[in-house]
Every structure is written in C-alpha cells, then in structure tokens.
Amino acid sequence: MPAVSKGDGMRGLAVFISDIRNCKSKEAEIKRINKELANIRSKFKGDKALDGYSKKKYVCKLLFIFLLGHDIDFGHMEAVNLLSSNKYTEKQIGYLFISVLVNSNSELIRLINNAIKNDLSSRNPTFMCLALHCIANVGSREMAEAFAGEIPRILVAGDTMDSVKQSAALCLLRLYKTSPDLVLMGEWTSRVVHLLNDQHMGVVTAAISLITCLSQKNPDEFKTCVSLAVSRLSRIVSSASTDLQDYTYYFVPAPWLSCKLLRLLQCYPPPEDGAVKGRLVECLETILNKAQEPPKSKKVQHSNAKNAILFEAISLIIHYDSEPNLLVRACNQLGQFLQHRETNLRYLALESMCTLASSEFSHEAVKTHIETVINALKTERDVSVRQRAADLLYAMCDRSNAKQIVAEMLSYLETADYSIREEMVLKVAILAEKYAVDYSWYVDTILNLIRIAGDYVSEEVWYRVIQIVINRDDVQGYAAKTVFEALQAPACHENMVKVGGYILGEFGNLIAGDPRSSPLVQFNLLHSKFHLCSVPTRALLLSAYIKFINLFPETKSTIQEVLRSDSQIRNSDVELQQRAVEYLKLSSIASTDVLATVLEEMPPFPERESSILAKLKKKKGPGAVSVNELEEGKREGGELNGGGERGDNSAIAASNASTPSPSADLLGLRTGPPVTAAAPSAGSLLVDVFSEAGVNDDGFLRDLEPPTESSDSLLAEGPGDSDSAPPSVVSEDPATPLPESNELLNKFVCKNNGVLFENQLLQIGIKSEYRQNLGRMYLFYGNKTSVQFITFTTTVTCPGELQSQLNVQSKPVEPLIEGGAQVQQVINIECLTDFSDAPLLNIKFRYGGALQNLTLKLPVTINKFFQPTEMASHDFFQRWKQLSLPQQEAQKIFKANHAMDTEVLKAKLLGLGMALLENVDPNPENFVCAGVIQTKAQQVGSLLRLEPNAQAQSGEQMYRLTVRSSKDTVSKRLCELLAEQF
Amino acid sequence: MIGGLFIYNHKGEVLISRVYRDDIGRNAVDAFRVNVIHARQQVRSPVTNIARTSFFHVKRSNIWLAAVTKQNVNAAMVFEFLYKMCDVMTAYFGKISEENIKNNFVLIYELLDEILDFGYPQNSETGALKTFITQQGIKGQPQTKEEQSQITSQVTGQIGWRREGIKYRRNELFLDVLESVNLLMSPQGQVLSAHVSGRVVMKSYLSGMPECKFGMNDKIVIDKQGKGGTTDEPGKSGKQSIAIDDCTFHQCVRLSKFDSERSISFIPPDGEYELMRYRTTKDIILPFRVIPLVREVGRTKLEVKVVIKSNFKPSLLAQKIEVRIPTPLNTSGVQVICMKGKAKYKASENAIVWKIKRMAGMKESQISAEIELLPTNDKKKWARPPISMNFEVPFAPSGLKVRYLKVFESKLNYSDHDVIKWVRYIGRSGIYETRC
C-alpha cells in the first residue's frame, strides 16, 4: 500500500494504532479512542486550515476507529475534501473513507458525486480508476443513477487506458448487478463485445465477466460475441505457455480467462457457422489432449488451473450435447479422475458424469464406469462424494443395469448416512418402478426397501406400490403372498403394515387357498400388529377388516367381535371410533350383495405422474434432477414399460417443467369438465391413490386423506402457483386489501364504469353515477365457474377517519350465486367532507367447500364529486392568483406513462369531472380545468393546469401538473390521483 | 454447590483453576472466556448460563473470578463466598492483581483447599486462616504440637473465629462506620432515588474471650425503650433514631439474640473484620447539592454552569471532592473557569473533572464552562448524562450513631472502662448523580 510506505508514512497514525494494540483492557482502549477523537475534533474545528497530509492522517485515524467498531459522526466533510486533492495517497484515503462510511442518503452524496465526476473526466488514469473503484464499492442505486450513463462511454472510448477500461468494465458489471434497469443498452453494447479482441488480456478478462452477465439477460444482443470468444479461446489454447507471459499461471496460459470464455460460450447454443464450430471443436479437443499430457509442474496450482479449464470445457461439451466424439472423450477423461487420489477431483468427476449420463451419446460410455462408481459409493470417506456417487448411479441406470444398481443401492442403504437416506429411498423406489421388467422383482425390491429403511420411506413410496399393484393384475397374487410373508417377521415397520393391510384387504382372497394363509390366519396376523401402530394405520387396518368381511364371510363374526370391542367402538380417537361404528353397522345391516358392491375391489388408478418423482423433484428443487428427468423422458420415450406409464410420466414432467403446475392447470379449466368433488382435492398427492375411490365408491378409504390436505391447502399452497390470482384470493386477514387494489383504484379515477376485479372464480363489474355530493354505485358479481358460490357476503367498511368523511350504505346481496350467474348490489355514497382514502369492500364466499376471502378498494375518489365550472380566461387567472397560498398549491412533475395523445388526454380530463377550459392558457399545448367539489360540509373550488412537455431532457415525455384549490388536502390528493393517470 | 473456581486475567487467560466436582469439565473454562470475557456487549450479567452450566463472576480491577456450577445453588451464597474470597486474598497479599496472583498461586490453591470443600464453603475467616496457612516458612514460626492441636480444636470448635489465650497489654478497639451514599436527583432538585449502604468495621485487640455488645440508634430499639421507660416525644426520638431497611452480620453475632431482643452481642474475632452491613433509604442527609445549568447556544456552543453546595455542619470538612461534568461527544474545545479547586477537560473520559481538596459545611462553589462543538451530520441529540460527584465526609449520611459498645470479660480482670475505644464515621459517595 503506497499510503503507508516509508517516505509518506503517517507516524501519528502508526503511534495511535500501536497505542491501541498495547491497551491492556477494553476500558483503556475506549479511553485512548476518546482522547484521540477529541483531538481530531479540535483539529477539525475549522479555525485554521489543515494541510492535506494532516487531513489524510486524521481521516485515516477515524477510519481505523470506525473499523474497531465505534461510531463516527464527523469528518465526512474532510474526507470529501480529500477527494479533490491532487495527491494520490490523499485521494485514495478519501475514497476509502467514503466507500466504507458514507451511506447513500447522506447530504454529502452530491459533493461526492461531483468529485467522482471530476475524477472521471480527468485525464489521469489512476484518478479515474480510484473513482471507478469507489463507484463499484458503494454500488448503490444512487451511484448507478448518477454514473450508469457515463461508465459505458469510458469503457468504449478509444483513448481510455487499459487499466481504466478494466476497472470500468468491472464497475459497470457491479452496477448492472445491483440495478439492471438503470444500465441501459445502447450503441456501446456492440463495442463492448469487441473488447474481446483487445490487446490487453486484463481488459479482456474484465470485459468478459461483464459480457457474460449481460448476455445472460439479453442473449440476442450479444450473439456476436460467440465467434470472437471462440477465436480468442483458440488463440489462448494454441499459444505456447510462454507467449502470454504475465498471464501464464504455473505454465497454464490465462486459466481464468479461458474458464470465463468457456462459461460465456455456455450461454449460447453451438455456433451455426461451420468454420467457427470447427475451430471451437478443435479448441476443446486441444484442451482434452492437454489433460493427457504429463504435468509440467508438480505444484498443485498447475494441476488446479489445468483441471479448472478442463471441467469448464467438459461442461461446455455437455451443454452442446451434439458432439458424440467429444462427449465420449470427456467421459473417458472423467473416468480417469474417478480414481484420482484428489477427493475434490473425484467429486467433480462424479458430478460432471451425472450430467453426461443424461446425454444419449455418452450414456453408454458412462455406464462402463459402473464398477468404479459403486466402489466409490461404498468406500468414499466423504459423505458429499458418496452422495454424488449415488446421484450418478441413479442417472446412469437403465434397463440393462437396473437390477445391479438397485441391489447395490439397497445394500448401501443399510449403512448409508442418515442425511441422504430418504433421498436414496426415493431413488431406489423410482428406479425399481421405472425399469421393472417383472413386477415380482419390483414388489420384492420395495418391500425390501421398507424393511431396510422403513423410517425413511415416505408416504408417496408406499402409495405408489399400491397403485402399481392395483393396476396390474399379474402381480397381485405375488404381492399378497410376499407381504403376507413379510408380515410374519416378528418386528416389521409400520409402513410394511400399511402396505400389508391394504394389499391383503384387496387381494387376500388370492392366497386364501393355501391353508397356511387362510383368511383367519391373515386376519390374526394383521390384527397382531394393530396395537403397535399409529392412528392412521389403525384406521387403514379397520378398512382392511371390513374388506375381509366381504372377501371371506367366514371371518365376519371374528371381525365384528373386534369392531365391537370397547377399544374400537369407544376409542378416544374420533376417526377410529367412527370407522368402527360405521363398519360394524355396515357389516350387520347390509346384504351380501350390497356389501359386495360397496366393498368392491379398487378400480385401476388413472395414470399420472409418479408422485415419488414429484417428491424427489421437490426435494432437489428445480435444479439438475428435473432437467435430467426430462431428458431421460425424451430419450426413453420409445421403450416404455407397464401400460404407457412412462410416456405419461414424461409428458406430465414436461408440462410441469414448463411452469404451470398441475394445480394451476386444474384451476385454469374454466369451461372444461365439470369441476366436481375430485377437483378440490387434486392438489394433494394422496389423490394418486385415493381420489378415484372417492368418486366411485361409497367413500371406502376416501377419508384416509389426512384432514390437513383438504382443498384449502390446494389453493393456499399449491406448489407452483406463482401465477397471481388464486393464491392471493385466500388472504386470511380481511383488513388488508389485495396488493393490486391500489392499481385497480387508479383505473377508475377517470371513468365510472368497468370491470373492477377478475380472477378465475369471480368477476366484479362496476357502474356508478354521481350527482353533487351523492353517488350511487352498482356492483355486479359474476360467478365464472360452474359451481355455485354459497354464503356469499359482502361488506363495505370505511377504515379510520374515513368513517367521518364518507357515508356509505350498501344493500345486502343474495347469499347464493349459481354457476355462471350474476348478482347485483347497490351502494349509496354520500360525501360529508373531503377525503383521501377509499372504502374497503370485503367479499367472502365458499367455493367447493373452501372459504374465499378477498378485500378490494372501492373506486370512490374525491374527484367523483366534481361539478364542472365554465369560466373565461380572465376569470380563471384571477381565481388562480387568489389561490396563491403555498399550501393551496400542489405540483408534481412526472414521466408520461402513456403516449401523449391530445384527444386521450382531453377525454381523461373530462372523465375527471372538471370542466376543460379551451383558449384559456396562452400555450395551446397546455390544459386547464376548473371545477367545484361538492361535499356536504363545504364546497371546494379547484383549478388544474397540466403542461405536457414532449421533449424534456433525456428525450422523455414529462408532465407538470399543478392543482390549486381552496383546501390544501384536496390539492394534494388530486395531484396524487392524477399523477398516475397520464 | 460450587463445582469449580477459575481466575482469569483481563485477556481471558486462566491464572487459577480449581475444579471441585466432576461435572465441570475443562471446556467450562473456555466457555466462560468465550461467552463472557470476550463478549461483545459492554454490560455483562454477573450470572451467565451456558449449556446448563452457571457461571457467577466478580471482577476486581482486571481480574475475573468465576465460580462455576451445574447445580441449582443459592446465587447470593456464591457471591458472598466470592467476595469473602477477595477479602481473604487481599488480607494475605494485598491488592488483587495479575502480578500478585501469579506470585502467590501456591498460596491461593492452599487457601482454596481450605475454604471450599467439595464445593461447600468452609471457614473463611481471615484471622483463623492465618493461624495455619502462613506465608513464611515453618522455620520462622516454630509451632509446637500443642499449638497445632489447639488450632484444630479451634477451627472445628464452636467459636471458630477466635482462638483462646490471646493477651494484649493494652485492650484497644477501633470502630469505623463506613457509608456510601447513592443519589439520583432531577435538575430541579427533586430526589428521584437515594439510599445509603453502610458497613461497621471493627478492629479489636482484646485479651481473652470477651463478650461484646454493640448498640446504635436503631429506631426499633429506641422506640421500644421509649415505651418501656419515660415516654419521649415521638418527633424527638424520630430525629435521633434511624430506620434500617435490612442488615447482615458477621458470623460471630448471635442471631437468636438479635431476633428476640434486637441486641447485637458477640465474641469478636481478633484483628480486623466487618461486624455488620446495612442499608437505609429514609431521612438521608445529602452532604452535597449540585445545581446544574446547561444552555445550548446555537449548534456549536454549549454553556455549562454548575454550583455545588455543602449541606452539613460548618465545623466539618469534606474531602476529596470531585465533580464530573459530562461533555457532548462532539466537543471540540473547552474553556473552564472555577473559583475553587482545579478543573480540567479530560477528553479520554468525555468529561470535565473538577477537583476540590477540602470544603467546609454550608459553603458553595461554582464552575462555569464554555464548550465548543463540532457540527455533525447526524441529528442525534446529546443524551445529557447526569453529573456525578465523589467526596468523603466525616459523618454518617444515614444518621447512624454508635450509642455504646460494651466489653465484658469475666475471666480476666479488665472491665469495660479499661478498654480504649475509637469511633470514626466516614461517609463516601457511591453513585451520586444529578441530571442536567
């Protein structure tokens, strides 16, 4: 640091710091600091001018004190003064102080900006660099506002020094990251791209970071960078390590730049131009070749730099996914790394291979490493590496090796870390399902899974087993036999009991022929587990028992006995009690025929996305796996297994990935199939298993759905409902209006009729008329669904002081709105005195059992009570002058939101309710209006003047709006309302 | 019960570590250092709970004493013990400092073994301890077997704090009433809170096993006497007696007798000890009145005028008077004018310190200062901390008077009249603040 170099060292500062370091206690330190602060204060008092050196010294001390954790509330001015010094060290300390201590809302910001501006326009490169660093370090919005236009100019100017360009590029990057809206694209963008050709490697490195960031946002504008990047890359790759001198790092030419170039190329698809592409492929091949060469140095930095480029190149190859040759070579290279002694390398290799496995060209090549990966899963010491190995196994699995991989994963599961067990379970379950050739293997696998890691088997997994068993006739018998055997183990997991209960309940008859598994034996086996289970499982078992009664009439008396026992029929749990009572009655009253119909075997489930897959996706987030799955789906589209299962999966997965979630879809069906009982529960995953049962059956098992997953939760927390309306409808708090209600309000400032609100369920139209201080408003509530809304109520409230300003009366509405019907409500409004808030309209109704609650602002604004007043030019200006008190006037200058069309403006002003006065203002461009606001308490005369300026500075269209009225609150409110309109 | 005891220096390095129970591990030492000594906040709670372990600490200059326990102990007992331990150490080697602790660490371990046993406090009477934990070599003070057995019987006996067979040529007795008066006063002179905490410290050089009785103007005792004997005017007795809010005694005082008759009788230890501690809140004599006058002249100037008035008999002299006037944090210069004493702006403490050596009663003195301020850019207003004062006066601000101290020794032939008694009152300032 030159600031404390010997010649220019600040002795006072050094002494002070060593004093502080020598302090024996905190108290002593505080004393020393207080003393120093007092000293600095007396020096800064301003009696005598300080020279630059001492100013710098004291500012430095202040900075040090601040960094020790004390508050500094003075000295900012001195620091700003330092900025205008001509000495580098003084300027530097000034900038340092400012970037550390000055916050953006300080009054000094103008002075600082000015100083920065001066430095930017100076010809001194070091000063320019300092200024740029300061801008980047502070990086606030204000800074961006002030300099976002200036920096690109510096960046692309021909005569800027290289070091300045470097700083400017990074500074611009920082500003772009903090406030992208302020960094406007312009003609400089094309010139920035050409910085890739710059002689100076530093400039290229800095510029490429900027370009990468920019091109991620606007890929089209920077398309030209591809060919430049490729040629730059090829020059680096093909250069001898000595060519680049300063930019050679441990014999690797410009590793950072290479990585950045490769990363930039990953923003774009493969180049179309054959020559460019050929060159790029050549580069990538060279990089792969270099990896094979013996290392030029034993230093770790050398191999790190080399590998960094290699991995970046491999991810580019994977990104392109079009060069089979390269992909295979990359895969082989990674295969070598799998056995490297460096753990990090192994980790990276596994991770990259995971993506490689999803490419059709390299899938086979990846598969050759299966033994190594399995070995890694077993022997790696680091859990994160093992995790990657498991991921890779999952990714490389296909029908040919599924059995091996699943077996390996199962055996690993027994010793796996707790943190990854659940994920492993899901993966095993998915693989077993996806690649099952014979379903007995599948059933075996899943039951094994439950046995080994029962605690980690989520609901979805066993739902899926049942789904598959029910849908496939050929496996049912085997499944029943296997679960029966599994249940015979002295201790079995609750999930096993669940699966066993369900399957025996459905298909117990298939194995009843064997005397070893006669109906009574089956029942006794199940019932022996009953007492050890939780309530939901017990409920499920009760349902299985009633099914038993249907399947095996001979067990009826035994089962009835069980149901009748106090522990069931008087169970403290309501659910169990109800089931026991209902099943008991059902079994004793209903005839065999009725019983057979009611307790019929479950019909096949509709095919939909595997709920397990969804769960895994949710666990992983919208990251690698879902993309992986998608590609997987595409690739394997042909070879489906079991009843078109797979195709369905991928289709849904695809639609899933392309934003609208299944639940949003379902709500979106406005005119589609009738939204019956199945719809509201569609959001819960349980539907996969049980929803059909709900429709067809009397409700057997339907109530298995945990009560929490009712339709409310669908609306409230649908996994992908990022799209506006439905989620916000269910705002629990009635007092807070919808976030967009203010906008809705603004829409109605200049008009009286229109649609106030619309979502997928409901549309609210509005029609209003006003006379003097009275108004009447008609609200039309339209039901857009085919289901009726019940308990429909609306209430209009005036929050806060509005109560005394506005008198609102509403007539009640019909509590029931049929599907597709519309009801009307009349609201009478009386304006007592001027007001600024708007009354709130709260709407509550039940739709398909779910309570909907929404709050809007009624578009009643002060200007509705305007009475237009015509007057001549002379009169107007006389009154204008009368209203000259400063608080009577409200003025606003704002940007135009819409195009400046005279006719539209006129229409809007007329809609406002004032009289538009022609030929009053000497400038025909301007608009003047006059009107009187009628309230019960008083009349408020108001005058308005709107001055459009089509060519204001920076080419934007601006307005100046001036409102004068006899009451200050009215002027202010009118001004606020109108500013949003133009 | 106390599980362990640690002594740290200001950096948090452990000087003494004595663990009494197995539930306290080595990591407790670090836990206290990390969470308390190196804590960021300025104000630390004396009791800290870290991972189900309680740490009680006191700080003496730069030294931290911490008692550690995992059990639910009586916190007051632990602090009493810590204070006692400080007293014992002071009695043995003077000021508690890092240097002294390092030089005497063997002695400290010896003491800790004696005064705490398996975490239970034992005899911590300095006089008694000094008989068998000595600082000189055994040679210098040859102890006979007889003496040694005497020590055992004494320490384990009923009167553990005094050994038998003490003989003085001159029976002498010194009694100090030490009080510290605490006050918070509003700028208008209204007392917001005030209390006196006092101690009666004795130094006794008496032969044999004397029985002492101490009497003071305790309101309850005076009123009872008044009722029993001649009926005094209530107003008169109110003036002379004081209401003691609460008090604690040295272990030698017979508490049963105090409870029943409210008389303080005891067999005193030899040498110096603290007979009692007490606290009063009513009818406190405030030795000084501070009248502040602060005027802000614009944004860059502040004028301060402070008058102090002494409020006691003109014949008495207050000593070591120090008035501390806080200055704003953006002070850039100070000019002080005072009639009496010396005043100086101490930047390191952000205060003007005004010192007066002596001042008689019913006098007044004043200081005026002009403070220049540096304009700052944040609008934070100065919090105006209170003006504080330090002093020493030769009377007890609580109004406590020693009525008698009788000494009876039946076996030896000296009577109460033969004992030379010295009584002294010292009133000091505690936190004596006036808001401005």
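All figures in this text were calculated on a predicted structure; none of them were measured in a lab.

Cut-offs applied
Residues numbered from 1 in each chain as written. Chains lettered and ligands numbered in written order. Predicted model: local features only at pLDDT ≥ 70, side-chain atom pairs only at ≥ 80, totals over all residues. Heavy atoms only, no water. Helix = DSSP H or I, 4+ residues; strand = E, 2+ residues; numbered from the N terminus. Buried < 20%, exposed > 50% of the residue type's maximum accessible area, 1.4 Å probe, protein only. Contact = heavy atoms within 4.5 Å. Pairing = 2+ DSSP bridges. Axes fitted to C-alpha atoms, helices over the stretch in contact; angles between N-to-C directions. Expected span 1.5 Å × (residues − 1). Parallel < 35°, antiparallel > 145°, perpendicular 65-115°, else oblique. Left-handed = near helix turned anticlockwise from the far one by under 90°. Nonpolar A, V, L, I, M, F, W, Y, C, P; charged D, E, K, R; others polar. Core = buried A, V, L, I, M, F, W, Y, C linked by side-chain atoms within 4.5 Å. Salt bridge = Lys/Arg side-chain N within 4 Å of Asp/Glu carboxyl O. Phe/Tyr/Trp six-rings, centres within 6.5 Å; stacked < 30°, edge-to-face > 60°. Disulfide = S-S within 2.5 Å. Buried area = accessible area lost by both parts, 1.4 Å probe. Polar contact = N/O pair within 3.5 Å; in protein donor to acceptor, adjacent residues only side chain to side chain. Arc of directions from axis to C-beta. Patch = residues over 30% accessible without salt bridge, like charges linked within 9 Å, V, L, I, M, F, W, Y side chains within 5 Å. Areas by Shrake-Rupley, 256 points an atom, 1.4 Å probe, with all protein chains shown as cover.

Let us now look at the overall build of chain B. On a plain count of helices and strands, chain B comes out with nine helices and 23 strands. Across the 436 residues in chain B, those meeting the buried criterion constitute 45%. At a minimum sequence separation of 6, the contacts of chain B that also span at least 24 residues come to 71%.

Right, let's talk about the sheet that holds strand 4 (residues 53–60) of chain B for a bit. Residues and elements named next belong to chain B. In space, the five strands of this open sheet follow the order 2-1-5-4-3, with antiparallel pairing throughout. Each edge of the sheet is formed by a strand with only one pairing partner; in this case those strands are strand 2 (14–19) and strand 3 (47–50). Across this sheet, the average inter-strand angle for adjacent strands is 20°, counted without regard to direction. Inspection of the sheet shows strand 1 (residues 4–8) paired to strand 5 (residues 63–69) by five bridges, in the antiparallel sense. Bridging across to strand 5, I7 finds its partner in L65. Packed onto the sheet, helix 1 (residues 27–37) meets strand 1, strand 2, strand 3, strand 4 and strand 5 and runs at close to 50° relative to strand 1. Against the sheet, helix 4 (residues 105–115) touches strand 1 and strand 2, its axis set at about 25° to strand 2.

The next thing to look at is unusual backbone geometry. Positive phi is not limited to glycine here, since F251 of chain A has a value of about 70°. Here F251 of chain A shows up in the loop between strand 1 (248–249) and strand 2 (252–253).

Okay, helix 17 (residues 324–338) of chain A next. Each α-helix winds once per 3.6 residues, and so residues spaced three or four apart point in a common direction. Look at helix 17 of chain A: 21 Å from first C-alpha to last across 15 residues, which is about the 21 Å you get at 1.5 Å a residue. In this fold, the buried residues of helix 17 of chain A make contact with helix 15 (274–292), helix 16 (300–320), helix 18 (343–356), helix 19 (363–367) and helix 20 (370–379) of chain A.

Right, let's talk about the pairing of strand 15 (residues 301–310) of chain B for a bit. Residue and element names in this part refer to chain B. Here ten bridges tie strand 14 (residues 288–297) to strand 15, and the two strands are oriented antiparallel to one another. Across the sheet, the residue bridging to V290 is I308, located in strand 15. Count of turn residues in the strand 14/strand 15 antiparallel hairpin: three residues, of which G298 carries a positive phi of about 70°. Bridge count for strand 15 against strand 20 (residues 364–373) is nine bridges, and the pairing is antiparallel. Across the sheet, L302 pairs through a bridge with I371, a residue of strand 20.

All names here are of chain A. Where helix 17 meets helix 18, the axes come as close as 8 Å, and the angle between the chain directions of the two elements is 150°. Taken together, the axes of helix 17 and helix 18 lie roughly antiparallel to each other. Crossing hand, helix 17 versus helix 18: left-handed. Together, L327, A330, C331, L334, G335, F337 and L338 of helix 17 and L345, R346, A349, L350, S352, M353 and L356 of helix 18 make up the contact between the two elements. Of the residues that constitute the contact of helix 17 with helix 18, the class distribution is eleven nonpolar, two polar and one charged.

Turning next to the nonpolar core. Residue and element names in this part refer to chain A. The biggest cluster of nonpolar side chains holds 198 residues, and the ones touching the most others in it are I116 and L449. L449 has contacts with L410, L413, V425, V428, A429, G454, V457 and V461, leaving out every residue within four places of it along the chain. Listed in part, the 61 residues of the second largest apolar core include L905, M914, Y959 and L974.

Bringing the pattern of salt bridges into the picture now. Two side chains carrying opposite charge are able to pair once their charged atoms lie near each other. The final tally for this structure, using the stated rule, is 53 salt bridges over all chains. The structure contains a network of salt bridges with shared partners spanning D19, R32, E36 and K61 of chain A.

Another point: the packing of aromatic side chains. All names here are of chain A. The final tally for this structure, using the stated rule, is 31 aromatic pairs over all chains. Ring plane angle 75° and centroid distance 6.3 Å describe the contact between F44 and F74, whose orientation is recorded as edge-to-face. Taken together, the residues span a long stretch of sequence, with F44 in helix 2 (residues 26–44) and F74 in the loop between helix 3 (52–67) and helix 4 (76–83) at a distance of 30 residues. Under the relative-accessibility criterion, F44 is labelled buried at 6%.

Attention now moves to the state of the cysteines. As used here, a disulfide is simply a covalent bond connecting the sulfur atoms of two cysteines. For the structure on display, the rule yields zero disulfides over all chains. With no disulfide of its own, C134 of chain A lies closest to C171 of chain A among cysteine sulfurs, the gap being 9.2 Å.

This paragraph deals with the side chain of S297 of chain A. Residue and element names in this part refer to chain A. Structurally, S297 can be placed in the loop between helix 15 and helix 16. Residue S297 is classed as buried on the basis of its relative accessible area of 13%. When residues no more than four places from it in sequence are discounted, the contact partners of S297 are F251 and H302.

Attention now goes to the interface of chain B and chain A. Contact residues are listed per partner, giving 21 residues for chain B and 19 residues for chain A. When chain B packs against chain A, the two sides together hide about 1,600 Å² of surface, and 47% of this comes from carbon and sulfur. Our count for the chain B to chain A interface comes out at two salt bridges. Its salt-bridge partner being E349 of chain B, residue K31 of chain A comes within 3.8 Å of it at the nearest N-O pair. Connecting chain B to chain A are five residue pairs in polar contact (both at pLDDT 80 or more). When grouped by side-chain class, the residues that make up the side of chain B that touches chain A number four nonpolar, eleven polar and six charged.

Below, the discussion takes up the sheet that holds strand 12 (residues 264–266) of chain B. Residue and element names in this part refer to chain B. Taken together, three strands build an open sheet; the order of strands is 12-10-22 and the sheet is antiparallel. The sheet is open, and its two borders are formed by strand 12 and strand 22 (402–408), each paired with just one other strand. Pairwise comparison of adjacent strand axes, ignoring direction, gives a mean angle of 15° for this sheet. Where strand 10 (residues 211–216) lies against strand 22, six bridges are found, and the strand directions are antiparallel. What sits directly across from F214, in strand 22, is L405.

With that settled, the discussion passes to helix 15 of chain A. All names here are of chain A. Counted at 1.5 Å a residue, the expected span for helix 15 with its 19 residues is 27 Å, and the 27 Å between its end C-alpha atoms agrees. Regarding helix 15, the residues found buried are V276, L280, V281, C283, L284, I287 and L288. All buried residues of helix 15 fall inside an arc of 155° around its axis, so they share one side. Across from the buried face of helix 15, at angles greater than 90 degrees, the exposed residues are G274, A275 and E282. The inward-facing, buried residues of helix 15 abut helix 13 (225–238), helix 14 (255–265), helix 16 and helix 17. The N-cap residue of helix 15 is D273: its side-chain oxygen and the backbone nitrogen of A275 are 3.2 Å apart.

Before going further, it helps to spend a moment on the pairing of strand 3 of chain B. With burial as the criterion, only one face of strand 3 of chain B is covered, namely that bearing T48 and I50 of chain B; the residues V47 and N49 of chain B on the opposite face remain uncovered. Between strand 3 of chain B and the antiparallel strand that follows it, strand 4 of chain B, lie two residues; A51 of chain B among them carries a positive phi value of about 50°.

Residues and elements named next belong to chain A. Checked against the element boundaries, Y435 lands in the loop between helix 23 (418–434) and helix 24 (439–453). Assessed through its relative accessible area of 2%, Y435 is described here as buried. It is 8.6 Å that separates the C-alpha atoms of Y435 and C397, two residues lying 38 residues apart in sequence. Side-chain polar atoms of Y435 contact the backbone oxygen of C397, separated by 3.1 Å.

On the surface, a cluster of nonpolar side chains totalling about 260 Å² of accessible area is made up of L67, L96 and V100 of chain A. Residue position: L96 of chain A is located in helix 5 (residues 88–101).

Our next topic: the environment of F605 of chain A. Structurally, F605 of chain A can be placed in the loop between helix 33 (592–598) and helix 34 (611–620). As a C-alpha pair, F605 of chain A and N471 of chain A span 134 residues in sequence and 6.4 Å in three-dimensional space.

Geometry only, nothing functional implied.
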